[in-house]
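# Residue-level structural notes
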Amino acid sequence: MNDDGTDKPHDPAAASAFSVKPLMFMAFVCSMAMMVFVALAGPIARVLDLPPWQIGAAMTIAGVGWMVMARVWGGLSDSHGRRPVLLLGLAGFTLSYLLLALFIDLALRTAMAPLLALAGLLAGRGIAGLFYAAVPATSTALVADHTRPEERTSALAAIGASSAAGMVVGPGLAGLVAPFGLSLPFHVTAVLPVIALLLIWLTLPAARHNPAPARQRLRLLAPRLRRPMMVAFAAMFSVSVAQIIVGFFALDRLGLGPVEAARAAGLALAAVGISLVCAQVVLRRLGWPPARLIRIGALIGGTGFASAMLAVNPPMLWASYAFAAFGMGWVYPSVPALAANSVEAHEQGAAAGTVAAAQGLGTILGPIAGTLVYGLGAGLPYALVGALLVTTALWRRRDAAPTPNDP
C-alpha cells in the first residue's frame, strides 16, 4: 500500500500489471451462480412446500451477511491489502456455494421436511453472503486504486457488464436445464467460482503493502456518502423485490406450472442481463458524470418495473424487465463511482464497503417487503419499486466534496 493509503503500485511498470479482466470474470461467474438460485427460488419453494415468506427469508439472509460484513471487508482491505482480502472472501464464497448446492440437491431428492430444508437454505445463503461481501467491496476499491476519477464509472461499468452477462447465462441456463432437474443447474455452476478463485490468485498482482498512517475512520453516515448510500439501497431493494416475486408472478398471474414458471422467470432475468450489458456499453460511450446517469437511469428503471404489473403473458413480463434493467444498468456502476469520487485514497475500501452495506440492506428488506406486499396483490410489488425509483431519480442534493476533516 502506498503512503496515500492505496494499493496502487509505486512504479508505472507495476501499475501496468493490473488488469480489470480477472475482476470481470469473477463478477461473471459469481453473478451466474447467485442468479441460478434466484431464478429457481419460486419453483424450489413449491417443491419443498415452503411459503413465499420463507423463501424470501432465505433470500434475505444473504443480504444480512452482506450488510454486516461489507464495511469490515472494505476496512480490512484498506489496512491489510486488497489481494489477500479478496482471495479470502472469494474462497469462502466458493466453498459455501458448493455446500449450498449439495444441500439443495439432497433436499429435492429426499423430500426433506420443510423446516429442515428452510434451516439449511438459511445457513447456506447466510454464510455465502458473509464471504461474498468481500468481493464487490474489494473489487471496487481495487478499481478506485488504479483509475482516475473520470475513468472509474467506465471501469466499473465493465465489471458491471460482466456481472450482467452472468445474469444472462445463469437464469438462461436454469431455464434450459431445469426440466431435467431443479438441482442440475446448481451442479453446473458450483465449479465456476473455483475457476475464478484460481484466476484471481494467479493474475492479481501482489502490490507492495505498507500500512497507511493512522487516520480518523470514515463514519457509516458520513454526509458525503449519504447520496450514494440512498441510491445503492433503493436500487438493490427494487431489484431484490423484482427477483424474488418474478417466479411467483409467473405461477399466479400468468397461470404457469412450476417448470414453465421456472423457464419464464429464468428468461425474464436473462432479458435483464442482456439489457444490462447493452446499457453499460452505451454508458461507456456517453461519458456522463455519475449523478446524471443515476437520475436518468433510476427514472427508466422505475418506469420499467411499474409496467410489469400490467403483464398478462411472458413476453410482456420479459419486455418490462428488460426496459427496467436498461435504466438500472446506468445506476449500478455510477453509485460506487460517485462514492469513490467523494472520499480520499486511504478511504476507498471503507467507502466501497459502506455502499455495499447499503446494498446489503436492500437485499434484506427487498425480499421481505416484496413477498409481504405480494400477498396483497400480485402487481403491487412492481408499483412499490417503481415509485421508489422514480422518487430516487427526482430527489436531488448537492453531493459533498471530499474533505480531510469530514470522516
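Up top is the structure.
None of these values were measured; they are calculated from a predicted model.

What counts, and at which threshold
- Residues numbered from 1 in each chain as written.
- Predicted model: local features only at pLDDT ≥ 70, side-chain atom pairs only at ≥ 80, totals over all residues.
- Heavy atoms only, no water.
- Helix = DSSP H or I, 4+ residues; strand = E, 2+ residues; numbered from the N terminus.
- Buried < 20%, exposed > 50% of the residue type's maximum accessible area, 1.4 Å probe, protein only.
- Contact = heavy atoms within 4.5 Å.
- Areas by Shrake-Rupley, 256 points an atom, 1.4 Å probe, with all protein chains shown as cover.
- Axes fitted to C-alpha atoms, helices over the stretch in contact; angles between N-to-C directions.
- Parallel < 35°, antiparallel > 145°, perpendicular 65-115°, else oblique.
- Left-handed = near helix turned anticlockwise from the far one by under 90°.
- Nonpolar A, V, L, I, M, F, W, Y, C, P; charged D, E, K, R; others polar.
- Expected span 1.5 Å × (residues − 1).
- Arc of directions from axis to C-beta.
- 1 Å grid on protein atoms, 1.4 Å probe; cavity = no way out; pocket = protein on both sides within 12 Å on 5 of 7 lines; lining within 4 Å.
- Points joined across faces, edges and corners; volume = space filled by probe spheres on them.

As a further point, take the overall build of the protein. Of regular secondary structure, the protein possesses 15 helices and zero strands. In the protein, which comprises 407 residues, the share counted as buried stands at 58%. Of the contacts made within the protein by residues no fewer than 6 positions apart, 87% connect residues no fewer than 24 positions apart. On the protein, roughly 15,600 Å² of surface is accessible, and the fraction owed to carbon and sulfur atoms is 70%.

Looking now at the packing of helix α4 (residues 82-110) against helix α9 (residues 192-203). The contact between α4 and α9 brings their axes to 9 Å, and the two run at 165 degrees. By the angle between their directions, the pair α4 and α9 is classed as roughly antiparallel. Considering how the two elements wind past one another, α4 and α9 form a crossing that is left-handed. Residues R83, L86, L87, L90, A91, F93 and T94 of α4 lie in contact with α9, whose contacting residues are P193, V194, A196, L197, I200 and W201. The residue inventory of the contact of α4 with α9, partitioned by class, reads eleven nonpolar, one polar and one charged.

This part covers α9. Here α9 contains twelve residues, and its C-alpha end-to-end distance of 17 Å stays within 8% of the 16 Å for a straight helix at 1.5 Å per residue. Listing the buried residues of α9 in full gives L192, P193, A196 and I200. End-on view of α9: buried residues confined to an arc of 95 degrees, all on one side of the axis. Opposite the buried face of α9, by more than 90 degrees, sit the exposed residues W201 and L202.

Under the counting rule described, the total for this entry stands at three cavities of 30 Å³ or more. Lining the largest cavity are 49 residues, with W66, Y132, S163, M236 and Y332 sitting closest to its centre. Looking at the lining of the largest cavity, the element that brings in the most residues is helix α2 (residues 21-47), giving eight residues. The class makeup of the residues in the lining of the largest cavity is 36 nonpolar, twelve polar and one charged.

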